[in-house]
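As a plain string of letters, each chain reads:
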Amino acid sequence: MTTQAQHDTSALMTVAAKPDLVFVRGAGSWLWDERGRRYLDFVQGWAVNSLGHCPPQLTAALATQAATLINPGPAFHNGPALRLARLITDGCALDRVFFANSGAEANEGAIKLARKWGRQHRGGAYKIVTLNDGFHGRTLATMSASGKPGWDRLFAPQVDGFVKVPINDLDAVAAAIDDRTAAVMFEPIQGEAGVIPASDAFLRGVRELTRARGLLLILDEVQTGVGRTGKLFAHQHCAVDPDVMTLGKGLGGGVPLAALVAREDACCFEPGDQGGTFNGNPLATAAGCAVMEAVTAPGFLDQVVAAGTYLQAQLEGISRRFDLGAVRGRGLLLALSLGGKAIGPDIVAAARAEGLLLNAPRPDCLRFMPALNVTAAEIDAMSAILQRVMT
């Protein structure tokens, strides 16, 4: 029986419009509300639940770790953090990891790292070139780095030093660089902008440009990392290695966990420069180990590619049937353009009423971020509900 207290939201700050639902249980691609109704979840906490809701390997890792050691404090090493750092660096061309609690915090750390590196290696350079419509988090600095419309006024004045250019415009990036520039920072796929990919050619061009100009390349892989696009990290599709990478969302499989990862010669923090009370605690990093071990298991990423190809084909069929727009993205981070029609929020609400959870990052598109182990049958079920709603 649901109590009145469960429905009383008056003690919460209002920061987002939320439907009148209270979820009480999850398993794989499914959620159940307090009335016992089941929902097919193609949002998964905004690409957070890499392995779906309450996957057995994650719940087992958490239970074991919770009974062993939760948090000895950030002044001491712990086993899960050491193991997870090695799992991450073994999977990429970077060398060292700083753990954080959210993607915004990891990006804030990347900004601080770039500014200190610029002071040491580029005569006090502090500017960072970022992209229009980019999204890097909700701290003051990461909001300033973001190019989301309206954010330049929301908590003004912004943190100084961020120069915005259009995505996939290499000439604009080159023109924005001056002797006060320390880094270029962007997402391989702009999630909140509506799943807008940076082209492989653009990524390679920026990598060449930053090397030629002596700058850091920072890739925000908070949404695209940890298998989401079919590679362990999205930049590996075009064989480009950044100097700094940030991770979050899917790294903890639903547990708050993020990481700032950097090449050895970019690691200029000294004791006291960076930290955090809960950063790298054993409970969160044990969850991260379970996720990384699952995602790097033989054949797992091949299944992500296959599921992404199947989902894309289903969405393209829906687009043709209803005269909509293109399907964008990679792997299991996809968007369906609604052909210029600002009906995304209406579709999301109607789908939810039919037991399907979707997301509309912009009014004219839908975003799909299912669990990385989503099945073809679940994709078919999503497609059937969406077509019923569209009809």
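Refer to the structure printed above.
Treat the numbers as computed from the prediction; the structure is a model and nothing was measured.

Procedures and definitions
- Residues numbered from 1 in each chain as written.
- Predicted model: local features only at pLDDT ≥ 70, side-chain atom pairs only at ≥ 80, totals over all residues.
- Heavy atoms only, no water.
- Salt bridge = Lys/Arg side-chain N within 4 Å of Asp/Glu carboxyl O.
- Helix = DSSP H or I, 4+ residues; strand = E, 2+ residues; numbered from the N terminus.
- Buried < 20%, exposed > 50% of the residue type's maximum accessible area, 1.4 Å probe, protein only.
- Contact = heavy atoms within 4.5 Å.
- Pairing = 2+ DSSP bridges.
- Axes fitted to C-alpha atoms, helices over the stretch in contact; angles between N-to-C directions.
- Arc of directions from axis to C-beta.
- Expected span 1.5 Å × (residues − 1).
- Polar contact = N/O pair within 3.5 Å; in protein donor to acceptor, adjacent residues only side chain to side chain.
- Phe/Tyr/Trp six-rings, centres within 6.5 Å; stacked < 30°, edge-to-face > 60°.
- Lys NZ or Arg CZ within 6 Å of the ring centre and 35° of its normal.
- 1 Å grid on protein atoms, 1.4 Å probe; cavity = no way out; pocket = protein on both sides within 12 Å on 5 of 7 lines; lining within 4 Å.
- Points joined across faces, edges and corners; volume = space filled by probe spheres on them.
- Nonpolar A, V, L, I, M, F, W, Y, C, P; charged D, E, K, R; others polar.

**Student:** Explain the pattern of salt bridges to me, please; I cannot follow it from the model alone.
**Tutor:** Close approach of charged atoms lets side chains of opposite charge pair. This model, assessed by the stated rule, comprises 15 salt bridges. Between Arg96 and Glu264 there is a salt bridge, with the nearest N and O atoms lying 2.9 Å from each other. You can see Arg96 sitting in strand E4 (residues 96-100) and its partner Glu264 sitting in the loop between strand E12 (258-262) and helix H10 (282-295), a full 168 residues away along the chain. By relative accessible area, Glu264 is classed as partly exposed at 40%. Of the charged contacts in the structure, one is a salt bridge between Arg388 and Glu354, with a shortest N-O distance of 3.3 Å. Placement of Arg388 in helix H13 (residues 376-390) and of Glu354 in the loop between helix H12 (344-353) and strand E15 (356-357) is noted, with a sequence separation of 34 residues between them.

**Student:** Please explain the pairing of E12 as it appears in this structure.
**Tutor:** Put simply, side chains in a regular strand alternate between the two faces of the sheet. Of all five residues in E12, five are buried; the element is thus mostly enclosed. Of the two faces of E12, the one lined by Ala258, Leu260 and Ala262 and the one lined by Ala259 and Val261 are each fully buried.

**Student:** So what exactly am I meant to see when it comes to the environment of Cys268 here?
**Tutor:** Within the fold, Cys268 resides in the loop between E12 and H10. Owing to a relative accessible area of 8%, Cys268 belongs among the buried residues under this scheme. Along the backbone, Cys268 and Ala114 are 154 residues apart, and their C-alpha atoms lie at a distance of 8.9 Å. Setting aside residues up to four positions removed in sequence, Cys268 forms contacts with Leu113, Lys116, Trp117, Gln120 and Asp273.

**Student:** In this structure, what is going on with the sheet that holds strand E16 (residues 359-362)? I would like to understand it.
**Tutor:** Hydrogen bonds along the backbone pair up the strands of a sheet, which may run parallel or antiparallel. Spatial strand order, E13-E14-E17-E16: four strands in an open sheet with antiparallel pairing. The two strands at the open ends of the sheet, each matched to only one other strand, are strand E13 (327-330) and E16. For this sheet the average axis-to-axis angle between neighbouring strands, irrespective of direction, equals 30°. Across two bridges, the pairing between E16 and strand E17 (residues 365-368) is antiparallel. When the sheet's bridge partners are listed, Asn359 is paired in E17 with Arg367.

**Student:** Sorry if this is basic, but what is going on with H12 here?
**Tutor:** Since one α-helical turn is 3.6 residues long, residues separated by three or four positions face the same way. Looking only at H12, the buried set comprises Gly344, Ile347, Val348 and Ala351. Taken around the axis of H12, the buried residues stretch over an arc of 100°, which confines them to a single face. For H12, the secondary structure elements touched by its buried residues are E15, E16, E17 and H13. Phi for Gly355, located one or two positions after H12, is positive at around 90°.

**Student:** So what exactly am I meant to see when it comes to helix H4 (residues 79-90) here?
**Tutor:** Between its terminal C-alpha atoms H4 stretches 17 Å, which fits the 16 Å expected from 12 residues at 1.5 Å a residue. Those residues of H4 that fall on the buried side of the exposure criterion are Pro80, Ala81, Leu84, Leu87, Ile88 and Thr89. Its buried side turned inward, H4 meets helix H3 (56-66), E4, strand E11 (244-247), E12 and H10. N-cap assignment for H4: the residue whose side-chain oxygen lies 3.0 Å from the backbone N of Ala81 is Asn78.

**Student:** How should the packing of aromatic side chains be read in this particular structure?
**Tutor:** Think of a pair of aromatic rings as described by two things: how far the centres are apart, and how the planes are tilted against each other in angle. The full count for this structure, using the stated rule, is three aromatic pairs. On the basis of an interplanar angle of 55° and a centroid distance of 5.4 Å, the ring pair of Phe186 and Phe202 is categorised as tilted. Of this pair, Phe186 sits in strand E7 (residues 181-186) while Phe202 sits in helix H9 (residues 200-213), and the two are 16 residues apart along the sequence. The exposure classification of Phe186 matches that of Phe202, with both residues buried. Just above the ring of Trp32 sits the side chain of Arg25; from NZ or CZ to the centre is 3.9 Å. Positioned above the aromatic ring of Trp30, the side-chain terminus of Arg38 is 3.6 Å from the ring centre.

**Student:** Explanation requested: empty space enclosed by the protein in the structure shown.
**Tutor:** Regions of empty space are outlined by a rolling probe, equal in size to a water molecule, passed over the atoms. Scanning the model with the defined rule gives two cavities of 30 Å³ or more in all. Size it by volume and the largest cavity reaches roughly 50 Å³. For the lining of the largest cavity, the secondary-structure elements that each account for two or more residues are helix H6 (140-145) and helix H7 (151-154). At three residues, the largest contribution of residues to the lining of the largest cavity is made by H6. Taken together, the residues that form the lining of the largest cavity break down as seven nonpolar, two polar and one charged. Computed from the structure, the second largest cavity encloses a volume of approximately 30 Å³. If you go around the second largest cavity, the residues you meet are Ala47, Ser50, Gln223, Gly225, Val226, Arg228, Gly250 and Leu372.

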